[in-house]
Amino acid sequence: LMQHSGIAKIFDAGISENGRSWFAMEYVDGVPITEFCDTHRLSLAERIDLFIEVCEAIQHAHQKGIIHRDLKPSNILVGMAEGKSLAKVIDFGIAKATGGRLTEKTIFTSRGMLIGTPAYMSPEQAEMSGIDIDTRSDVYSLGILLYELLSGEPPFHPQRLREMGYAEIQRVIREEEPPRPSTKSTTIKASKKVAELRCLDANALRKQLGGDLDWIAMKALEKNRSRRYATVQELATDLGRHLADEPVEAGPPSASYRFAKFVRRNRV
């Protein structure tokens, strides 16, 4: 269904004589997007430009009725083509079709199983019901990727989540509010190295992340999906506004909203 330069092509698929499913995919000569950005010491603006390319590819998938459900650095490979970086999204293995036809014929998800990668999973996906997932789940996962490209780590460290049981993983994803990227960048162990890989010092990185980029990332990471960007295109457009020094749609949450969140976290 998908024909986009940012999505790896699938040439053929089928079932072998012994009943094993297979598919033949375009070979992508690249590395995970986070590794590419760090290896080439890309600036914040360069990282955002590359991320916007990924958003355009995922928007194409959504227009074709496909939700990826497992967006993470290892599923977004970046290589060089004719002297330019080129990002390709791979592995739609647990993708969900928004139309019933594909879902019924090609997708099977066992109830009670955590489908996806916890560190990049949306709160509604962590519910494990598999019933009410829409394109805003991919918006959330892209928000985590953006957060990591900016600050150096995802909001919830994968090692921390690996040490938890399912119930605790679900609670963290659904309930814990992550720090803003600007705060995260100064509190992780390798904060100095993270800043250097972005051609900045730690203080300059914190300042550049404060404001627009904090607001954009945190809007994409809203637990309540009705408060997130409605589409991947909206997220990409807001990042474009930031790069053009135009006012962004995202903004700090109101005092009443922050108070309501505080009350929910501290009911007693």
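Higher on the page you've got the structure.
Cut-offs and rules
- Residues numbered from 1 in each chain as written.
- Predicted model: local features only at pLDDT ≥ 70, side-chain atom pairs only at ≥ 80, totals over all residues.
- Heavy atoms only, no water.
- Pairing = 2+ DSSP bridges.
- Helix = DSSP H or I, 4+ residues; strand = E, 2+ residues; numbered from the N terminus.
- Salt bridge = Lys/Arg side-chain N within 4 Å of Asp/Glu carboxyl O.
- Buried < 20%, exposed > 50% of the residue type's maximum accessible area, 1.4 Å probe, protein only.
- Core = buried A, V, L, I, M, F, W, Y, C linked by side-chain atoms within 4.5 Å.
- Contact = heavy atoms within 4.5 Å.
- Expected span 1.5 Å × (residues − 1).
- Arc of directions from axis to C-beta.
- Patch = residues over 30% accessible without salt bridge, like charges linked within 9 Å, V, L, I, M, F, W, Y side chains within 5 Å.
- Areas by Shrake-Rupley, 256 points an atom, 1.4 Å probe, with all protein chains shown as cover.
- Axes fitted to C-alpha atoms, helices over the stretch in contact; angles between N-to-C directions.
- Parallel < 35°, antiparallel > 145°, perpendicular 65-115°, else oblique.
- Left-handed = near helix turned anticlockwise from the far one by under 90°.
- Nonpolar A, V, L, I, M, F, W, Y, C, P; charged D, E, K, R; others polar.
- Lys, Arg positive; Asp, Glu negative; His and termini not counted.
- Charge placed at Lys NZ, Arg CZ, Asp CG, Glu CD.

Novice: Please provide a residue-by-residue account of the pairing of strand 5 (residues 76–81), values included.
Specialist: Bridging between strand 3 (residues 31–32) and strand 5 involves 2 bridges; their strand directions are antiparallel. Paired with V31 across the two strands is V78, which belongs to strand 5. Sheet topology note: the strand 5/strand 6 (residues 84–89) ladder contains 6 bridges and is antiparallel. The partner of I76 across the bridge, within strand 6, is V89. Linking two consecutive strands that pair antiparallel, namely strand 5 and strand 6, is a turn of 2 residues; a positive phi of about 55° is found at E82 within it.

Novice: Mind laying out the pattern of salt bridges, listing which residues take part and the relevant values?
Specialist: Working definition: two side chains of opposite charge can pair if their charged atoms are close together. For the coordinates displayed, the defined rule picks out 14 salt bridges. Note that R227 is salt-bridged to E222, the shortest N-O span being 3.5 Å. Its relative accessible area of 31% is what places R227 among the partly exposed residues. In this structure, a network of salt bridges that share partners links the residues R160, E168, R171 and E176.

Novice: Describe the nonpolar core, naming the residues involved and giving the relevant values.
Specialist: I33, F51, L142, L235 and L239 are the most contacted members of the largest nonpolar core, which totals 46 residues. Sequence-distant contacts of I33, that is, excluding residues within four places in its chain, are made with L50, V54, P73, I76, V78, L145 and L149. Grouped together as the second largest cluster of nonpolar side chains are 15 residues, A126, I144, Y147 and I173 included.

Novice: Describe in detail helix 12 (residues 232–243), supporting the description with residues and values.
Specialist: Taking 1.5 Å per residue, 12 residues should reach 16 Å; helix 12 reaches 17 Å between its end C-alpha atoms and fits that length. Three or more residues of helix 12 are buried, namely V232, L235, A236, D238, L239 and H242. Down the axis, helix 12 shows its buried residues gathered within 160° of arc, on one side only. Of the surrounding secondary structure, the elements contacted by the buried residues of helix 12 are helix 2 (44–63), helix 5 (136–151) and helix 11 (212–220). Note on helix 12: the residue one or two positions beyond its end, D245, has a positive phi of about 60°.

Novice: Now, about a nonpolar patch on the surface: what can you tell me, with residues and values included?
Specialist: On the surface, a cluster of nonpolar side chains totalling about 400 Å² of accessible area is made up of I10, W22, F23 and M25. In terms of residues, the nonpolar patch owes the most to one element, strand 2 (residues 21–25), which gives 3 residues. For M25, a relative accessible area of 32% corresponds to the partly exposed category.

Novice: Can you break down the packing of helix 5 against helix 12 residue by residue, with the values?
Specialist: Two measures define how a pair of helices packs: the angle their axes make with one another and the distance between the axes. One can describe the packing of helix 5 onto helix 12 by two numbers: an axis separation of 9 Å at closest approach and a directional angle of 30°. Looking at the two axes, helix 5 sits roughly parallel to helix 12. Helix 5 and helix 12 meet at a crossing whose hand is right-handed. Across the interface between the two elements, V139, L142 and L146 from helix 5 touch V232, L235 and L239 from helix 12. Taken together, the residues that form the contact of helix 5 with helix 12 break down as 6 nonpolar, no polar and no charged.

Novice: Could you give an account of a negative patch on the surface, naming the residues involved and the relevant values?
Specialist: Residues E46, D49, E53 and E56 make up a contiguous surface patch of negative charge. Here E56 is to be found in helix 2. With relative accessibility at 42%, the residue E56 sits in the partly exposed group.

That's the geometry; what it means functionally is another story.
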